[in-house]
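Fold and geometry: a report
Here are the chains, one letter per residue:
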Amino acid sequence: MRFLDLRFGLRALRRRGGLAGRVLDDRSAGAVGVAARLEQRAGEKRRGLVDERAHATRRRRLGPLVEQLAAPRQVLATGARQHQRAHVLSLAQQHAPADGRRAEAQAEEADRRRAQGDRAPLLGIPLAIKDVLATAGVQTTAGSRILSGFVPPYTATCVRKLEDAGMVMVGKTNTPEFGAGANTRNPVWGATGNPFDPSKTCGGSSGGSAVALSLGQVPLATGSDYGGSLRTPAAFSGIVGFRPSPGVVPGPERGAALTPFSVNGPMGRTVADMHLLLKAQVDVDKRDPFSSDDVMRIPDQLGGFDLSSLSVAFSEDLGIAQGLVRGQFFLRLAQALRRRIAGDQ
């Protein structure tokens, strides 16, 4: 079983895109938008996936007609064309054509569940999984030659939870070897560059997921974090990554199960999309020593928040990288401020 670069697309899933073509072509529409437009033709106003769910009543009135307009299989087909257009850099590992049929089968199952009235939170939404998480029957390398060609017989708990929520896994995203590193490169799949400048880094270790989101290849993706692996690539790629508290997303299979530092978490193009994925990931699992009932207190809906009320602190060198790093920080900050002032005039 082999993988292809994600930029080559889901070759086995090409079909007519219909409404879904317009959904995924609009990169401002996040995961919540895809979920809603699987059931309804959205308005012209661009918004994230969660925003579209406010129109649930109108969606229900559309009935079977909507199912024809945008089925999960159409979303997959549109995603294939989007992957092909994202040709800038090596992003992630992608199912071989034989595995594309697996994703198509998941989309068909989502069609069936939706027709039966199932409204699972991720039903039919294409999702990419970081390649440190085991996926039964699908190669999982963790970016290491030691595991090159390894097909695990089991699926990680957090991935199985997403499958139950209806997601369609379209690929595995790139990571440094065993997820250890602040840049996303490895000897198996190579390097993932920054979506804005491929010659620069996208950070790590969840860089493949961050870049796939930034380029509009998938609406949602998973990541993991030990010392910034969800947050740094998100910041470098202009998307949203969230490090949950230990135990919020159970990870009983992780190697260092008795330490709280390594966690799995969500990534999306908007805060609302990230929240949608997080709600599908959270669970109580007694096999994880950090799991507790507290996770069920995460709100179903995000409330409004006035960002102008925030005070933001920053460090120019994190207290350790003095000298040249500190000088470069203030130089670039001054340059950015000058550009902003010039643009406002």
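The sections below set out a description of the structure shown in this document. What you see is a predicted model; the values in this text were computed from it and never measured.

In this section: the overall build of the chain. A tally of helices and strands in the chain yields 12 helices and 9 strands. Classification of the 345 residues of the chain by burial places 49% in the buried group. Excluding contacts between residues fewer than 6 apart, the proportion of contacts in the chain whose partners are at least 24 apart in sequence is 69%. Surface accessibility of the chain: about 16,500 Å² in total, with carbon and sulfur atoms responsible for 55%.

Now for the side chain of Asp285. Structurally, Asp285 is set in the loop between α11 (271-281) and α12 (324-344). Judged by relative accessible area, Asp285 falls into the buried class, the value being 11%. Polar side-chain contacts of Asp285 include one of 2.8 Å to the side chain of Arg287. Contacts of Asp285, omitting those with residues within four sequence positions, involve Thr157, Pro250, Pro252 and Ser291.

Here the focus is helix α9 (residues 207-214). With respect to burial, α9 is a largely interior element, 8 of its 8 residues being buried. Those residues of α9 lying buried are Gly207, Gly208, Ser209, Ala210, Val211, Ala212, Leu213 and Ser214. Two residues or fewer past α9, Gly216 is found with a positive phi of approximately 75°.

Further remarks concern the packing of aromatic side chains. One pass over the full model with this rule turns up 2 aromatic pairs. Taken together, a centroid distance of 5.8 Å and an interplanar angle of 50° make the contact between Tyr226 and Phe261 tilted. Of the two residues, Tyr226 is situated in the loop between β7 (220-225) and α10 (231-237) and Phe261 in the loop between β8 (240-241) and β9 (263-268); the sequence distance between them amounts to 35 residues. Residue class for Phe261 comes out partly exposed when judged on its relative accessible area of 44%. A centroid spacing of 5.4 Å and a plane angle of 85° characterise the contact between Phe329 and Phe330, whose relative ring orientation is edge-to-face. You can call Phe329 partly exposed: its relative accessible area is 28%.

Turning to the pattern of salt bridges, a few remarks are in order. Scanning the entire structure with this criterion turns up 10 salt bridges. The salt bridge involving Asp225 is made with Arg231; its shortest N-O contact spans 2.9 Å. The exposure class of Asp225 is buried, given its relative accessible area of 1%. Here Arg231 falls in the partly exposed class, since its relative accessible area comes to 39%. In this structure, the salt-bridge partner of Lys279 is Asp300, at a minimum N-O distance of 3.0 Å. Of this pair, Lys279 sits in helix α11 while Asp300 sits in the loop between α11 and α12, placing them 21 residues apart in sequence. Taking relative accessible area as the criterion, Lys279 reaches 26% and is therefore assigned partly exposed. When salt bridges with common partners are traced through the structure, they connect Asp225, Arg231 and Arg243 into a single cluster.

Now for the nonpolar core. One broad rule of soluble globular proteins: the nonpolar side chains tend to lie buried together. Ranked by internal contacts, the top residues of the largest apolar core, which has 22 residues, are Leu122, Leu127, Ile129, Val159, Leu162, Met167 and Leu220. Of all the secondary structure elements, the ones that give two or more residues to this core are β3 (126-130), α8 (157-164) and α11. With 4 residues, the top contributor of residues to this core is α11. Residues Ala128, Ala210, Ala212 and Leu213 belong to the second largest nonpolar core, which totals 14 residues.

On to α8, then. The set of residues buried in α8 consists of Thr157, Cys158, Val159 and Leu162. Elements in contact with the buried residues of α8: β3, β7, β9 and α11. With its phi angle positive at about 100°, Gly166 sits one or two positions after the end of α8.

Taking burial as the measure, the 6 residues of β7 include 6 buried ones, the bulk of the element. Here β7 shows a buried face lined by Leu220, Thr222 and Ser224 and a second buried face lined by Ala221, Gly223 and Asp225. Sheet topology note: the β3/β7 ladder contains 2 bridges and is parallel. Residue Leu127 lies in a different strand from β7, and its bridge partner there is Leu220. By the bridge criterion, 6 bridges tie β7 to β9 in an arrangement that is antiparallel. Bridging across to β9, Asp225 finds its partner in Val263.

Calculation notes
- Residues numbered from 1 in each chain as written.
- Predicted model: local features only at pLDDT ≥ 70, side-chain atom pairs only at ≥ 80, totals over all residues.
- Heavy atoms only, no water.
- Helix = DSSP H or I, 4+ residues; strand = E, 2+ residues; numbered from the N terminus.
- Buried < 20%, exposed > 50% of the residue type's maximum accessible area, 1.4 Å probe, protein only.
- Contact = heavy atoms within 4.5 Å.
- Areas by Shrake-Rupley, 256 points an atom, 1.4 Å probe, with all protein chains shown as cover.
- Polar contact = N/O pair within 3.5 Å; in protein donor to acceptor, adjacent residues only side chain to side chain.
- Phe/Tyr/Trp six-rings, centres within 6.5 Å; stacked < 30°, edge-to-face > 60°.
- Salt bridge = Lys/Arg side-chain N within 4 Å of Asp/Glu carboxyl O.
- Core = buried A, V, L, I, M, F, W, Y, C linked by side-chain atoms within 4.5 Å.
- Pairing = 2+ DSSP bridges.

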